[in-house]
Amino acid sequence: MIDAGEVWLVGAGPGDPDLLTRKAERLINSASVIFHDALVGAGVLELVPGHVQLVPVGKRSGRHSRDQKTIDALIVEAALEGERVVRLKGGDPAIFARATEEIAACREAGIPVRICPGVTAASAAAADLGLSLTLRGLARKLTFVTAHARAGEELDLDWQSLADGQATLAIYMGKSAAAEVSARLIEAGLATDTPVALVENASLGSRRHFKTRLDLLPLAARTAVGDGPALILVGEALGEASAGTGKLEARTLSANGR
Ligand code: SAH
């Protein structure tokens, strides 16, 4: 399925291996080397056949990281050596995953590169909450935004356009900036009681979710979630009653209850 010297950017989904696409699984099985992120679920990595070389190139803020240029170079080098390369990324490879740099590096080296989409964290979080991210008449717009700032820098976001009462915001990498996000959105006009949900480890047995309101988001981000990846969702759609919540809680309590 993968030719020698070809690169596939593959979405591993939010963590639960059952949320991997069949195509992603086939690509994983036909790779000779896989470079993967720290966010790729352990259950997904377990599916990788033993003969495939598995190379972690994880970048998680505050921990050991390989810089993007090194990752680009590793992928290019493997492809030039004739490997069948899978670059496995958490969620969808086209959403906050530095795909552009890797695609450009491959193209510059004349390496064919393709993308296999994955289930993004926002979709998995909505599923865990049993909620829709859009809502007829109330949430007509869905914005994916990252609240990750470079160390020591302020977030440079267009708060005015983000503070849209008719939109749902899916904020990636937003946990450490939660206080700033809350203050800026309120300053830009969003109501203090706008519904907010925090979802950590979406789709996994260890998932946790917490519903609150915009002005209480900083407190919730500090106390309600641990140090797993977490998504912040903001907007009226989050105020709807969740589907099947009771069942979900029961499953959350039973460890690894998939
Ligand atoms: N390409 C990924 C996003 C990578 S950015 C995707 O499409 O999902 C990393 C951020 O994604 C994390 O900081 C967190 O905000 C979010 N994220 C990834 N996996 C998650 C999960 N299982 N649960 C909650 N948030 C997750």
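Above: the structure in question.
Values in this document were obtained by computation on a predicted structure and should not be read as measured data.

Caption draft 1: Quick look at the pattern of salt bridges. What the rule picks out here adds up to ten salt bridges. One salt bridge connects Arg-87 with Asp-37, and the closest N-O pair in it is separated by 3.0 Å. Linking Arg-87 in strand β4 (residues 85-89) with Asp-37 in the loop between β2 (33-36) and α2 (42-45), this pair joins segments that are 50 residues apart in sequence. On the basis of relative accessibility, which here comes to 1%, the residue Arg-87 falls in the buried class. Arg-98 serves as the salt-bridge partner of Glu-101, at 2.6 Å between the closest nitrogen and oxygen.

Caption draft 2: Quick look at the environment of Leu-204. Summarising the element assignment, Leu-204 is placed in the loop between β8 (195-200) and β9 (208-213). By relative accessible area, Leu-204 is classed as partly exposed at 23%. Taking the C-alpha atoms as reference points, Leu-204 and Ala-151, 53 residues apart in sequence, are found 29 Å from one another.

Caption draft 3: Molecular detail of helix α4 (residues 99-108). The set of residues buried in α4 consists of Ala-99, Glu-102, Ile-103, Ala-105 and Cys-106. Relative to the axis of α4, the buried residues are bounded by an arc of 160° and lie together on one face. For α4, the exposed residues set more than 90 degrees away from the buried face come down to Thr-100, Arg-107 and Glu-108. Where α4 is buried, its residues touch β1 (7-11), α3 (68-80), β4 and β5 (113-116).

Definitions and cut-offs
- Residues numbered from 1 in each chain as written.
- Predicted model: local features only at pLDDT ≥ 70, side-chain atom pairs only at ≥ 80, totals over all residues.
- Heavy atoms only, no water.
- Salt bridge = Lys/Arg side-chain N within 4 Å of Asp/Glu carboxyl O.
- Helix = DSSP H or I, 4+ residues; strand = E, 2+ residues; numbered from the N terminus.
- Buried < 20%, exposed > 50% of the residue type's maximum accessible area, 1.4 Å probe, protein only.
- Arc of directions from axis to C-beta.
- Contact = heavy atoms within 4.5 Å.

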